[in-house]
Amino acid sequence: MSRTENDTGSAPPPGDDTAFFGQPKGLLTLSGLEVWERFSFLGMQAILVLYFADTVAHGGMGMDPANAASVSAAYGTLVYLVSVAGGWLADRILGSYRAVLWGGILIACGHYSMAVPTPTMTWVGLGLISAGTGLLKPNVASMVGKLYRTADERRDAGFALYYMGINIGAFAGPLITGWLGDHKGWHWGFSAAAIGMTFGLIQYVAGRRHLAGRTDAAEYALPPEGMRRAVRLMIAGAIVVAALAVVLGTAGWLTMGRFVDILTYISVIAPVVYFVVMFRSPRVTAEERGRLKPYLVLFIASVAFNFILFQAYSTMMLLAASNAETTILGFEFPVSWYASALGAFEVALAPVVAGLWVRMGRRQPHASNKIAIGVILGGLSFVLMALPTSGHSDDTYKMAAWWIVGSYLLLGLGDILVETSGMSATTKLAPQAFASQTMALWFLSLALANGIQAQVVKLYGEVSNPAYFGVNGAIAVAVGIAVIALAPWLRRTMHPVH
């Protein structure tokens, strides 16, 4: 069977190994789940910053654009910070299958909450989605890795197909939620996201027999007494944090701005602590510890790229709303549909990239070079935006839609290279005792990218657009070039990654 050597639990039926375009059939189940999860998550994300920035009279939250972008980024920070707990819960208590299932249920409940047109239910919904995504995201990607042996050359191509599935949802989500938000109201868009996640849960449960390693027990389960103690501590901790937030909020100290700053601090501290714990753990062998060192470089590259990527749903949406045409060949569309262009490019390009890697076999570029090229493309997508935003005497100009579309083309190709190679490399480099948690560590790079973004976007509108996009893009390009320069060392130290 096409499973990792450390796989446990129920095996997929015979014949599954090449049943899905030459890939394990379980990839279809997990990709199908991600189609609907991304439909709901990115469909909501595409209209979230616009909802925050819209006037109260028009059904929005009435925030200024920079603050709206910062709060939106802080929400993204929280989503990926919680993924650490999600990885730990899967490894020690729930098991990957149940962690993904309960994560999906929380996400669906969160979107249904946001469909209720009150500010309170918006914040409740965002909290539930954060918790659910933290359970689902690190563990579903880890389950994809379990479908393959470590040396299986189909692995990168499988992750590319998985990522194509993700981006089918990323393409379709903003089309539906954006149209509903523009024509019916923002909470209608949130309702569509809720229905999408419900469909994802149904197909996940229906296809569970094709998943490698499906088991009711966690792979590294705590002893019964330790599990009971952990549950008690988590419940007590949640109560204490909630009570403290209420007291500080009532006293006027815990403002939205301070909450955003706190999340940024945590996003910086958490990965540092996590790397230290793994490097010092007695359950991590010397060989595994050696593979974590090059992973630090990939982590930094992921932060640089995703800092750019996540702004496709914040500053780029705000820029498009104020300074971009919303017509192409005479057809008028909602601003949020620009986000669908990103998903469309990734849907179109992912199978091309997957086919290229399969055709090249062992001649394909090293994973670190794929990631470096992706980071450079992401940086160039921002550098490109410095051109149409330059040379204007005021802020009333309108750029052609093709500028935004071209930027998303570069960003989409970069995303395929960075995320598929990064997730694939993570499942190979992960210490066995931290399998799901190391996948969570990859998502901590996304939390840090969002945490940095939550602070940097405060400059949006304070500095000129050419300076904002040009400088941020140039920094990402510089990081990509640095990773290429480190390629000889990375090739030596990243075995078994090729």
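Note that the structure is a prediction, hence the values are computed from the model and not measured.

S.K.: How should I be thinking about the overall build of the chain in this particular structure?
M.R.: Helix and strand content of the chain: 16 helices and 2 strands. A separation of at least 24 residues holds for 82% of the contacts in the chain among residues at least 6 apart in sequence. For the chain, the accessible surface area stands at approximately 19400 Å², while carbon and sulfur atoms represent 69% of it.

S.K.: Help me out: how do you make sense of the environment of lysine 137 in this one?
M.R.: By the element assignment, lysine 137 lies in helix α4 (residues 119-145). Sequence-wise, lysine 137 and valine 82 are 55 residues apart; in three dimensions their C-alpha atoms are separated by 10.0 Å. Apart from the residues lying within four places of it in its own chain, the contact partners of lysine 137 are Glu34, Glu37, Arg38, Ile166 and Phe443. At 3.0 Å, the side chain of lysine 137 and the side chain of glutamate 34 are in polar contact.

S.K.: Can you help me understand the nonpolar core in this one?
M.R.: Note that soluble globular proteins tend to have their nonpolar side chains buried in a common cluster. By size, the foremost hydrophobic cluster in this structure holds 129 residues, and its most contacted members are Met44, Phe52, Tyr162, Tyr204, Tyr338, Ile404 and Tyr408. At 13 residues, the largest contribution of residues to this core is made by helix α1 (residues 26-53). Here tyrosine 408 is in contact with Ala312, Met316, Met317, Tyr338, Ala339, Ala341, Leu342 and Phe345, once residues within four sequence places are set aside. One finds Leu89, Leu94, Ala99 and Leu135 within the second-largest nonpolar core, a separate group that totals 7 residues.

S.K.: Where do I start with the packing of helix α3 (residues 96-114) against helix α6 (residues 186-206) in this structure?
M.R.: Packed helices, taken two at a time, are described by the angle their axes make and the gap between the axes. Following both chains from N to C, one finds α3 and α6 inclined at 160°, their axes separated by 7 Å at the closest point. It follows from the interaxial angle that α3 and α6 lie roughly antiparallel. Where α3 crosses over α6, the handedness of that crossing is left-handed. From α3, Ser96, Tyr97, Val100, Leu101, Gly104, Ile105, Ile107, Ala108, His111, Tyr112 and Met114 reach across to α6, where they touch His187, Phe190, Ala193, Ala194, Ile195, Met197, Thr198, Leu201, Tyr204 and Val205. Within the contact of α3 with α6, the residues separate by chemical class into 16 nonpolar, 5 polar and no charged.

S.K.: Any chance you could explain the environment of leucine 417 here in plain terms?
M.R.: Counting through the fold element by element, leucine 417 comes out in helix α13 (residues 401-429). For leucine 417 and lysine 370, which are 47 residues apart along the polypeptide, the C-alpha to C-alpha distance reads 5.6 Å. Beyond its immediate chain neighbours, meaning those up to four positions away, leucine 417 contacts Val353, Trp357, Lys370, Ile371, Ile373, Gly374, Leu377 and Gly422.

S.K.: Even after reading the chapter, I still don't get the confidence of the model for the chain, so can you show me in this structure?
M.R.: The predicted coordinates should not be examined in detail at positions where pLDDT is low. On average, residues of the chain carry a pLDDT of 83, and 90% of them reach 70 or more. Mean pLDDT in the chain bottoms out at helix α7 (residues 224-250), which sits at 79, and peaks at helix α15 (residues 465-485), which reaches 94.

S.K.: Can you walk me through α6 in this structure?
M.R.: In an α-helix, one turn spans 3.6 residues, which is why side chains three or four residues apart end up on the same side. Between the first and last C-alpha of α6 there are 31 Å, a value that for 21 residues agrees with the 30 Å anticipated at 1.5 Å per step. Among the residues making up α6, those that are buried are Trp186, His187, Gly189, Phe190, Ala192, Ala193, Ala194, Gly196, Met197, Gly200, Leu201 and Tyr204.

S.K.: For this particular structure, what's the right way to read the packing of aromatic side chains?
M.R.: The description of two aromatic rings rests on the distance between their centres and on the angle between their planes. In this structure the tally under the stated criterion is 17 aromatic pairs. Relative to phenylalanine 469, the ring of phenylalanine 382 has its centre 4.9 Å away and its plane inclined at 75°; by these criteria the two rings are edge-to-face. Placement of phenylalanine 382 in helix α12 (residues 367-385) and of phenylalanine 469 in helix α15 is noted, with a sequence separation of 87 residues between them. Take phenylalanine 469: its relative accessible area is 0%, and that puts it in the buried class.

S.K.: Can you walk me through the pattern of salt bridges in this structure?
M.R.: Should their charged atoms come close, side chains of opposite charge can pair. Applying the stated criterion to the full structure yields 3 salt bridges. Residues glutamate 37 and arginine 38 are paired through a salt bridge, measuring 2.7 Å at the closest nitrogen-oxygen approach. Judged by relative accessible area, glutamate 37 falls into the buried class, the value being 0%.

S.K.: How should the packing of helix α9 (residues 286-309) against α12 be read in this particular structure?
M.R.: Running from N to C, α9 and α12 cross one another at 25°; their axes reach a closest spacing of 9 Å. As the angle between them shows, α9 and α12 are arranged roughly parallel. Considering how the two elements wind past one another, α9 and α12 form a crossing that is left-handed. The segment α9 lies against α12, with Leu298, Ala301, Ala304, Phe305 and Ile308 engaging Ser368, Ile371, Gly374, Val375, Gly378, Ser381 and Phe382. When grouped by side-chain class, the residues that make up the contact of α9 with α12 number 8 nonpolar, 4 polar and no charged.

S.K.: Sorry if this is basic, but what is going on with the side chain of threonine 326 here?
M.R.: Structurally, threonine 326 can be placed in the loop between α10 (315-323) and β1 (327-328). Residue classification places threonine 326 among the buried residues on the basis of a relative accessible area of 17%.

S.K.: Is there a simple way to think about the side chain of aspartate 54 in this case?
M.R.: Its place among the elements puts aspartate 54 in the loop between α1 and α2 (65-94). Buried charge without a salt bridge: aspartate 54, with lysine 398 as the nearest opposite-charge side chain at an N-O distance of 14 Å. Contact partners of aspartate 54, with chain neighbours within four places excluded, come to Gly60, Met61, Gly62, Met63 and Trp186.

S.K.: Honestly, α7 in this entry has me stumped. Any pointers?
M.R.: Between the first and last C-alpha of α7 there are 39 Å, a value that for 27 residues agrees with the 39 Å anticipated at 1.5 Å per step. Backbone geometry just after α7 places glycine 252 at a positive phi near 90°.

How each quantity is defined
- Residues numbered from 1 in each chain as written.
- Predicted model: local features only at pLDDT ≥ 70, side-chain atom pairs only at ≥ 80, totals over all residues.
- Heavy atoms only, no water.
- Helix = DSSP H or I, 4+ residues; strand = E, 2+ residues; numbered from the N terminus.
- Contact = heavy atoms within 4.5 Å.
- Areas by Shrake-Rupley, 256 points an atom, 1.4 Å probe, with all protein chains shown as cover.
- Polar contact = N/O pair within 3.5 Å; in protein donor to acceptor, adjacent residues only side chain to side chain.
- Core = buried A, V, L, I, M, F, W, Y, C linked by side-chain atoms within 4.5 Å.
- Buried < 20%, exposed > 50% of the residue type's maximum accessible area, 1.4 Å probe, protein only.
- Axes fitted to C-alpha atoms, helices over the stretch in contact; angles between N-to-C directions.
- Parallel < 35°, antiparallel > 145°, perpendicular 65-115°, else oblique.
- Left-handed = near helix turned anticlockwise from the far one by under 90°.
- Nonpolar A, V, L, I, M, F, W, Y, C, P; charged D, E, K, R; others polar.
- pLDDT = per-residue confidence, 0-100.
- Expected span 1.5 Å × (residues − 1).
- Phe/Tyr/Trp six-rings, centres within 6.5 Å; stacked < 30°, edge-to-face > 60°.
- Salt bridge = Lys/Arg side-chain N within 4 Å of Asp/Glu carboxyl O.
- Lys, Arg positive; Asp, Glu negative; His and termini not counted.

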